[in-house]
Amino acid sequence: PSFEGLATLNFEVSPSLSEVLNYERSLNLEAAVASARFQATNNTIVNYKREAFVSAADNVLVLRFECYPIDCRVEISMQRLERAISSKPSQQHLVISDDPKGKGLGFAACARLLNTTRQEKDSKNKLTAIGSSTTFLITGVTSYTSETPVLSCLEKLDAAAMYNYVELRQRHIQDFTSAFGFTRLSLRESARFVPSSRQDIDTEILDTGVRVAELGEECVWQNKSKYLIMDPSLIALSYNYARYLLVSSSRENSVAPANLQGVWADGLKAPWAGDFHLNINLEMAYWAAGGAGLGQISTPPLFDLLNRLAESGRQVAQEYYGIPRGWVAHGFTDISADARPLGENRWALCVTCGAWIAITVYELTEFEPSNCTNLKSLIKHLQGSVEFFLSGYLIKINNTLITTPTTSPENSYRSTIRNKNASRYIWSTLARAPAIDNAILYRLFQVYEEACARLNDNCDISNYCDSELVTKAILAKSQLPNHGQPQYCAHQQNMTTTLREYPFDGDEESQCLADAGHRHFSGLWALMPGRQISPLDNEDIASAAATTLNIKMMNKGGHTGWSRAWAAALAARLHDGLQTQTHLVYLIRNFFTTNLLATHPPLKPIDAFQRQGCTTCFEADFQSSRPISTAKRKSNIRLSEGMITSSKDVFQLDANLGLAAAVHEALAQSHRGPVNSIELHLLPALPPSWTHGHIIGMRIRGGFQLDLHWAHSMLSNISIRALDKFSHTLTIRTSPSNTQFVSNSIENFTGHLILLPSSTFSSSPPMLSYPQPHLTRVENFKPNFILDLGPSPK
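Residues numbered from 1 in each chain as written. Predicted model: local features only at pLDDT ≥ 70, side-chain atom pairs only at ≥ 80, totals over all residues. Heavy atoms only, no water.

## Quick word on the overall build of the protein chain
- Summing up its helical and strand segments, the protein chain has 19 helices and 36 strands in all.
- Within the protein chain, buried positions represent 58% of all 794 residues.
- For the protein chain, contacts bridging at least 24 residues in sequence account for 68% of all contacts bridging at least 6.
- For the protein chain, the accessible area works out to roughly 31900 Å², and carbon and sulfur atoms hold 48% of it. (Helix = DSSP H or I, 4+ residues; strand = E, 2+ residues; numbered from the N terminus. Buried < 20%, exposed > 50% of the residue type's maximum accessible area, 1.4 Å probe, protein only. Contact = heavy atoms within 4.5 Å. Areas by Shrake-Rupley, 256 points an atom, 1.4 Å probe, with all protein chains shown as cover.)

Laid out in structure tokens, this is it:
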């Protein structure tokens, strides 16, 4: 099953416009209202305004047209490339629908005229109104949620039509702002250097597309020093936009979690079938949810998918693996929560991916330790995943537990076959105990132990967990390869040390970095999103992780939007603010469209590896002109292929949301320690161009809320509020000069406070460092909550 666009809405405004002036489009992120304003000449100057919003409160899209000083005629119609019958139940209603009679998904797309000065009678395929202001309501229903889509669709419209436009707008804004919460990031006091050729242009009027295009550009200041444009406020805007996107795509009544294109899929066949990728993308979409204060609002659809996935995964465990206890899921699933390995092994056979999504859901509960309801319902899924691996899947060889058959997601390794005359290579995907499996299982066993302890200590619920299984899970951590710890790989030629992705398979080079530029950072899972690697615990392992990341970057790694967002988060976990900045700037400059939607570029095989037989070795195909800006809209594919740019880049939501996670990791890390004894590290990876800024309302694991301010790259003000009664110990890492005012800034906390110095770990290789790019300018900054979309594309 694939997400697909319901219908295309067309509108035409007359009288015709001879010349358009002062065109401006924008999206207000705090109100979730999109608008367009412009003037046009038609013997006189006419002012036009369009406004649109999708109201979760009333389940409708509201579209408003205004013009002054004359009346305008507005005509709307809906169309679909296939399976659509048009009807008009009344002069105020328009419907296109299809009833496949059990052979597919039935649907209805409906429109209604809310009010107007006067209405024209027209054909059955259109609604037409004349007046100074006209409002249309549009909604849709499918047979996935209703047995009678057309009837339900019309009922939604008529229920919303009980309110006038002002009331609908107020209800929408009240609902959205309540869901959006009050977490805010501001970097507008930091520098945005403007090239000397544009010194006469106020940065306030630069549209978002211009800012994206200029980001990272080299320019010369006063014909002397060279600088790169960093535009920190564009990073802040992208962060706040990510929160908007998550709230807009994942709420309590959403039929599915946020994913890939999700609710924005507008063609008949979404890329990758619009499914859920459990080998990074779905998890990344929710990495930032807890810290952004959106856990309660955005995660119910993810919980629901996990519930259904675990249920279907029990059958897969029995029928595919012959294991009677527990559940398993693989690399991909869909709206039906299919847990089977879907597709070829090289893409699908990620046997620990079900455990990964269960871990992700558990870690969201760490922001609300006293929510026993969620924890109790989640325990059975963690237990079921542990049962699968310890009840038959893991194989014990020399007292070591290994996974097999399995894969390192979408990657492969190389074996060298040598004979007297020549050598040849064989690339394979099926593996034994790749690094990602070991890291996920270590975290799974750890999480199960922690969750059971929380249930007993915080929720006063005993005998709910299988105590014998908990004991087995604790023992199993030490029985994983290398006692569950990442394994080194020494490179004699250049005297460097990296981490192994394939400890047991392939030749020596391939074990370390099979495809050195591969988009998946599976060998670094233990660093992020895992928690085994930290510069504060073992600098040698952290250095090897940093070297691994840097080698992958030098070999064209991070060549998709989500991959580059992951690289930024990895750099932040290594306390490397400069590299975090580098990756975030590269992410926006190379993978964001002019409306800040992130993309996945077209890929092409790497010639050298392809000749050796590698079928998983790809790199980005950046031959098309960039930065990407124009939607692909040839007439013959206009309705069948959507959200794809003219350079064939495909919109992919998880990179937007991954950026927000990387920002959190740069500003405040709270992943170390169990949930009742969290360690909070302040400004661990502050990018050098973010000299001034603040984040308000950020949530911290353990049940804390953080307001953090900094100036001249130093902590200047802080407020920490305990929101949960189960936080027993809080350790804060900060500069020794800040300890006094930090200790006085904590509210409602009665536990034990420990203050420690910040990390001094350094991992940035000079070859990858950007020059320091910023000058201090505090005036004329674009607000962080208005997305200026610039002129309308032709």
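Text resumes after the structure shown.
## Things to note about the pairing of strand β5 (residues 60-68)
- In this structure, strand β4 (residues 45-55) lies alongside β5, joined through 9 bridges in antiparallel fashion. The residue bridging Asn47 from the neighbouring strand is Tyr68, located in β5.
- In this antiparallel pair of consecutive strands, β4 and β5, the connection spans 4 residues, and Asn59 shows a positive phi of 60°.
- The sheet contact formed by β5 and strand β12 (residues 133-142) spans 6 bridges and is antiparallel. In the sheet register, Leu61 faces β12, and the bridge partner there is Ile138. (Pairing = 2+ DSSP bridges.)

## Section: unusual backbone geometry
- Look at the link from Tyr68 to Pro69: it is a cis peptide, with omega at 15°.
- Among the secondary structure elements, Pro69 is positioned in the loop between β5 and β6 (72-79).
- Of note, the bond from Met528 into Pro529 is cis; its omega dihedral lies within 30 degrees of zero at 15°.
- Inspection of the secondary structure puts Pro529 in the loop between α13 (508-513) and α14 (539-554).
- In this structure, Leu260 is a non-glycine residue whose phi angle is positive, near 35°.
- Mapping Leu260 onto the fold places it in the loop between α4 (232-249) and β16 (276-277).
- Not every positive phi belongs to a glycine, and Leu683 is a case in point at roughly 50°.

## With respect to the pattern of salt bridges
- By the definition in use, this model includes 35 salt bridges.
- Salt-bridge contacts for Arg432 lead to Asp505; the nearest nitrogen and oxygen are separated by 3.1 Å. With Arg432 in the loop between β21 (423-428) and α11 (435-457) and Asp505 in the loop between β23 (496-499) and α13, this pair connects stretches of sequence that are 73 residues apart.
- On the basis of relative accessible area, Asp505 is assigned to the buried category, the value being 8%.
- As a salt-bridge pair, Asp537 and Arg672 come within 2.8 Å of each other at their nearest N and O atoms. Taken together, the residues Asp537 in the loop between α13 and α14 and Arg672 in strand β28 (residues 668-672) connect sequence positions 135 residues apart. (Salt bridge = Lys/Arg side-chain N within 4 Å of Asp/Glu carboxyl O.)

## Notes on the state of the cysteines
- Across all of its chains, the model carries 7 disulfides by this definition.
- Paired through a disulfide, Cys350 and Cys353 show a sulfur-sulfur distance of 2.1 Å. One disulfide, between Cys350 and Cys353, carries an S-S torsion of 90° and so falls in the right-handed class. (Disulfide = S-S within 2.5 Å.)

## Looking at the environment of Ile606
- Looking at the element boundaries, Ile606 is found in the loop between β25 (603-605) and α17 (607-612).
- By relative accessible area, which is 19% here, Ile606 ends up buried.
- When the C-alpha atoms of Ile606 and Thr616 are compared, they prove to be 9.2 Å apart, with 10 residues separating the residues in sequence.
- Those residues in contact with Ile606 that sit more than four places away from it in its chain are Asp515, Cys617, Phe618 and Glu619.

## Quick word on α14
- With 16 residues, α14 extends 22 Å between its outermost C-alpha atoms, agreeing within 8% with the 22 Å of an ideal straight helix rising 1.5 Å per residue.
- All buried positions along α14 are accounted for by Ile541, Ala542, Ala544, Ala545, Ala546, Thr548, Leu549, Asn550, Ile551, Lys552 and Met553.
- N-cap assignment for α14: the residue whose side-chain oxygen lies 3.0 Å from the backbone N of Asp540 is Asn538.
- Within two residues after α14, Lys556 carries a phi angle of roughly 70°, on the positive side. (Expected span 1.5 Å × (residues − 1). Polar contact = N/O pair within 3.5 Å; in protein donor to acceptor, adjacent residues only side chain to side chain.)

## Quick look at the pairing of strand β8 (residues 93-98)
- With 6 of 6 residues buried, β8 is to be regarded as a mostly interior element.
- Across the two faces of β8 the burial is the same, with His93, Val95 and Ser97 and Leu94, Ile96 and Asp98 all buried.
- Linkage of strand β7 (residues 85-90) to β8, two consecutive antiparallel strands, is achieved through a turn of 2 residues.
- Relative to strand β9 (residues 107-115), β8 runs antiparallel, the two being bridged by 6 bridges. Within the sheet, the bridge partner assigned to Asp98 lies in β9 and is Phe107.

## Quick look at the confidence of the model for the protein chain
- Considering every residue of the protein chain, the mean pLDDT works out to 86; 88% of them sit at 70 or more.
- No element of the protein chain has a lower mean pLDDT than strand β36 (residues 786-788), at 55, and none a higher one than helix α15 (residues 561-573), at 98.
- In the model, residues 627-641 has pLDDT below 50 throughout and makes 40 contacts with residues more than four positions away in sequence or in other chains.
- The low-confidence segment residues 765-784 (pLDDT under 50) makes 68 contacts with residues lying over four places distant or belonging to another chain. (pLDDT = per-residue confidence, 0-100.)

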